[in-house]
Amino acid sequence: MVKLVIGIASGQYIRQRTIDIAAGRIVPKEDDPKVWVSSMESIGRLLSKDNYAMIEAIRTHHPETISELAKLVSREQANVSRTLSRMADFHLVAFEEGNGKKKPIVNWDEIAIVPATAA
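This is a predicted model, so every value here is computed, not measured.

## Some remarks on the nonpolar core
Argument step 1. Membership of the largest hydrophobic core comes to 23 residues, with the highest contact counts inside it found for Met54, Leu69, Val80, Leu84, Leu92 and Val93.
Argument step 2. Of all elements in the fold, only β1 (3-8), β2 (35-37), α2 (40-46), α3 (49-61), α4 (66-72) and α5 (77-89) reach the threshold of two or more residues within this core.
Argument step 3. Here this core takes 4 residues from α3, the largest share from any one element.
Argument step 4. Residues in contact with Leu69, not counting those within four places in the same chain, are Met54, Ala57, Ile58, Pro63, Val80, Leu84 and Pro104.

## Considerations on the side chain of Thr65
Argument step 1. Topologically, Thr65 is positioned in the loop between α3 and α4.
Argument step 2. With relative accessibility at 15%, the residue Thr65 sits in the buried group.
Argument step 3. There is a polar contact of 3.1 Å between the side chain of Thr65 and the side chain of Ser67.
Argument step 4. A polar atom in the side chain of Thr65 sits 3.0 Å from the backbone nitrogen of Glu68.
Argument step 5. Those residues in contact with Thr65 that lie beyond four places of it in its chain are Lys101, Lys102 and Pro104.

## Observations regarding helix α1 (residues 11-22)
Argument step 1. For α1, built from 12 residues, the straight-helix expectation of 16 Å at 1.5 Å per residue is met to within 8% by its first-to-last C-alpha distance of 17 Å.
Argument step 2. Tucked inside the fold, the buried residues of α1 contact β2.
Argument step 3. Once α1 ends, the next one or two residues include Gly24, with phi positive near 85°.

## Some words on the pattern of salt bridges
Argument step 1. As enumerated under the stated definition, the model contains 4 salt bridges in all.
Argument step 2. Here Arg17 makes a salt bridge to Asp32, at a shortest N to O gap of 3.1 Å. One end of the pair, Arg17, is in helix α1; the other, Asp32, is in the loop between α1 and β2, with 15 residues separating them in the sequence.
Argument step 3. Overall, the relative accessible area of 7% leaves Asp32 in the buried class.
Argument step 4. We note a salt bridge from Arg25 to Asp20, for which the minimum N-O separation is 2.9 Å.
Argument step 5. You can call Arg25 exposed: its relative accessible area is 56%.

So, how was this worked out
Numbering of residues starts from 1 in every chain and runs along the sequence as written. Where local features are concerned, this predicted model is filtered to residues with pLDDT of at least 70; where side-chain atom pairs are given and counted, the filter is 80 or more; whole-chain, interface and lining totals use all residues. Water and hydrogen atoms were dropped before computing side-chain values, which therefore reflect all heavy atoms in the structure. To form a nonpolar core, buried Ala, Val, Leu, Ile, Met, Phe, Trp, Tyr and Cys residues must be joined to one another through side-chain atoms within 4.5 Å. Relative accessibility under 20% of the residue-type maximum defines a buried residue, over 50% an exposed one, and the middle range a partly exposed one, all with a 1.4 Å probe and only protein chains included. Helix numbers and strand numbers start at the N terminus; a helix is a DSSP run of H or I with at least 4 residues, a strand a run of E with at least 2. Residues count as neighbours in contact if any of their non-hydrogen atoms are within 4.5 Å of one another. Side-chain atoms alone can form a polar contact between residues adjacent in sequence; in general such a contact is a pair of N or O atoms within 3.5 Å, and within protein one must be able to donate a hydrogen while the other accepts it. A helix is expected to span 1.5 Å multiplied by its residue count minus one. Basic side-chain nitrogens of Lys or Arg form a salt bridge, by our definition, when they fall within 4 Å of a carboxyl oxygen of Asp or Glu.

Keep in mind that these numbers describe shape and distance, not what the molecule does.
Here it is in structure tokens:
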């Protein structure tokens, strides 16, 4: 089972952690968050009802293209494409590219949300 770990911390903490990692002062552990957000509201927007429906459609129907996914969820392709790009920034979805097309995939089974103090 693959777990996506999302950390919640202040913007200042996230920036400092990034600097410390780049400088070699921190070596991230395997189970540390790969994704950081500054609020639960950010997670709420990313995992809104409509966005989670897209994730489930990808898992259930394995669409070959973004346009196929857009039809499955009855949304405009441009809207779905923008949303998927944003979700990809947070590792909620990924893309397999081939033949000039992008296939959306979900490569996690569960999500864990942890505060910075637990990370």
